[in-house]
Amino acid sequence: MEHAGQDPKQPGDHVTRIQAAWRRERPDLDVSPLAVIGRLHRLADRLTAELVLVYQRYGLGEGEFDVLAALRRAGAPYERAPGELAAHTMVTTGAMTKRIDRLERSGLVTRRPAEDDRRARVVALTDAGLRLIDEAFTAHIRNEHRLLAHLSPEEAAALRTLLASWQHRLDDDHPTGDHPAETDPAAANPADGRGAVRS
């Protein structure tokens, strides 16, 4: 695993040093994408760490925060089916069940039979859950404003547009969620440096 500062003779940040090493070792490959994707990986890790600090102040993990937020933005009576919650938070139903179990034990959500199908269940915020997510979400948004304050309003607007455009184009290329790395062994080859950039 490669680490920042591994070669003090090479200038630049961690990603720049990794690019330089790959250019030296594999001059036959264009490793310029690492400058974008590698930094996005590292930035995502940093942002997640900053966001989780706020969740923890309210006794929540990232997953629990996501569930409470999904219920809150559903509007009164602040409830969704477990499968709907899983879709909104992009996790498996098994992972969602574990999150709901933890929140139920904490008194933040309840389960009840669905009115139109007694075999199905509905998850709803309790009064305590509603109060907590309102407080936590207020702090979360304040934290996101703090993180974005490192950019000018113009830079933030340009970044929003660029990221949305990139995401839409990727979704259009692979609307079912499949991508080349899942079907093409060469595309998944670790020699592309993806893991190295994150380390």
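Up top is the structure these notes are about.
Predicted, not measured: the structure shown is a model, and the values here were computed from it.

Student: Please explain the side chain of Gln-19 as it appears in this structure.
Tutor: Structurally, Gln-19 can be placed in helix H1 (residues 14–25). Taking the relative accessible area as the measure of exposure, Gln-19 reaches 6% and is therefore buried. When sequence neighbours within four positions are dropped, the list of residues in contact with Gln-19 reads Val-31, Ser-32, Leu-34 and Ala-35.

Student: Where do I start with the nonpolar core in this structure?
Tutor: In globular proteins that are soluble, nonpolar side chains generally tend to be buried together. Core analysis: the biggest nonpolar cluster contains 24 residues, and Leu-60, Leu-68, Leu-85 and Val-109 have the highest contact counts within it. Counting only elements with at least two residues in this core, the list comes to helix H2 (33–57), helix H3 (62–72), helix H4 (82–89), helix H5 (93–105), strand E3 (121–125) and helix H6 (127–148). Among the elements that line this core, the one with the most residues is H3, at six residues.

Student: Explain the layout of surface pockets to me, please; I cannot follow it from the model alone.
Tutor: What the second largest pocket holds in volume is close to 450 Å³. Leu-51, Tyr-55, Glu-62, Asp-66 and Met-90 are, among the 15 residues lining the second largest pocket, the residues nearest its centre. Residue assignment for the lining of the second largest pocket shows that the elements contributing at least two residues are H2, H3, H4 and H6. Grouping the constituent residues of the lining of the second largest pocket by class yields seven nonpolar, four polar and four charged.

Student: Where do I start with unusual backbone geometry in this structure?
Tutor: What you tend to see is this: most non-glycine residues have negative phi, and most peptide bonds are trans. Here the residue pair Ala-76 and Pro-77 is connected by a cis peptide bond, since its omega of 5° sits within 30 degrees of zero. Tracing the chain through its elements places Pro-77 in the loop between H3 and strand E1 (79–80). Even without glycine at this site, Tyr-78 takes up a positive phi of about 60°. Within the secondary structure, Tyr-78 sits in the loop between H3 and E1. Non-glycine residue Met-90 carries a positive phi angle of around 60°. Met-90 gets classed as exposed once you look at its relative accessible area, which sits at 74%.

Student: How should a nonpolar patch on the surface be read in this particular structure?
Tutor: Taken together, Val-36, Ile-37, Leu-40, Leu-43, Leu-47, Leu-148, Leu-151, Leu-159, Leu-163, Trp-166 and Leu-170 make up a surface patch of nonpolar side chains, about 870 Å² in accessible area. Of all the secondary structure elements, the ones that give two or more residues to the nonpolar patch are H2 and helix H7 (153–173). Ranked by residue count, the leading element in the nonpolar patch is H2, at five residues. Counting through the fold element by element, Leu-170 comes out in helix H7. Judged by relative accessible area, which is 44%, Leu-170 ranks as partly exposed.

Student: So what exactly am I meant to see when it comes to the environment of Leu-108 here?
Tutor: Counting through the fold element by element, Leu-108 comes out in the loop between H5 and strand E2 (109–113). Sequence separation between Leu-108 and Ala-124 is 16 residues, and the spatial gap between their C-alpha atoms is 8.6 Å. Contacts of Leu-108, omitting those with residues within four sequence positions, involve Leu-60, Leu-68, Leu-103, Ala-124, Leu-125, Thr-126, Ala-128, Gly-129 and Leu-132.

Student: Just to check I follow, could you spell out the pattern of salt bridges for this structure?
Tutor: Any two side chains of opposite charge can pair if their charged atoms end up close together. What the rule picks out here adds up to 11 salt bridges. Ionic pairing is found between Arg-46 and Glu-50, a salt bridge with its closest N-O pair at 3.1 Å. Note that Arg-46 and Glu-50 are positioned in helix H2 at a spacing of four residues, about one turn of the helix. Residue Arg-46 is classed as exposed on the basis of its relative accessible area of 54%. Taking the relative accessible area as the measure of exposure, Glu-50 reaches 16% and is therefore buried. Between Arg-72 and Asp-134 there is a salt bridge, with its nearest N and O atoms 2.7 Å apart. Of the two residues, Arg-72 sits in helix H3 while Asp-134 sits in helix H6, which places them 62 residues apart along the sequence. The partly exposed category is assigned to Arg-72, whose relative accessible area is 29%. Asp-134 gets classed as partly exposed once you look at its relative accessible area, which sits at 31%.

About the cut-offs
- Residues numbered from 1 in each chain as written.
- Predicted model: local features only at pLDDT ≥ 70, side-chain atom pairs only at ≥ 80, totals over all residues.
- Heavy atoms only, no water.
- Helix = DSSP H or I, 4+ residues; strand = E, 2+ residues; numbered from the N terminus.
- Buried < 20%, exposed > 50% of the residue type's maximum accessible area, 1.4 Å probe, protein only.
- Contact = heavy atoms within 4.5 Å.
- Core = buried A, V, L, I, M, F, W, Y, C linked by side-chain atoms within 4.5 Å.
- 1 Å grid on protein atoms, 1.4 Å probe; cavity = no way out; pocket = protein on both sides within 12 Å on 5 of 7 lines; lining within 4 Å.
- Points joined across faces, edges and corners; volume = space filled by probe spheres on them.
- Nonpolar A, V, L, I, M, F, W, Y, C, P; charged D, E, K, R; others polar.
- Patch = residues over 30% accessible without salt bridge, like charges linked within 9 Å, V, L, I, M, F, W, Y side chains within 5 Å.
- Areas by Shrake-Rupley, 256 points an atom, 1.4 Å probe, with all protein chains shown as cover.
- Salt bridge = Lys/Arg side-chain N within 4 Å of Asp/Glu carboxyl O.

From the geometry alone we can't say anything about function, so treat these as descriptive.
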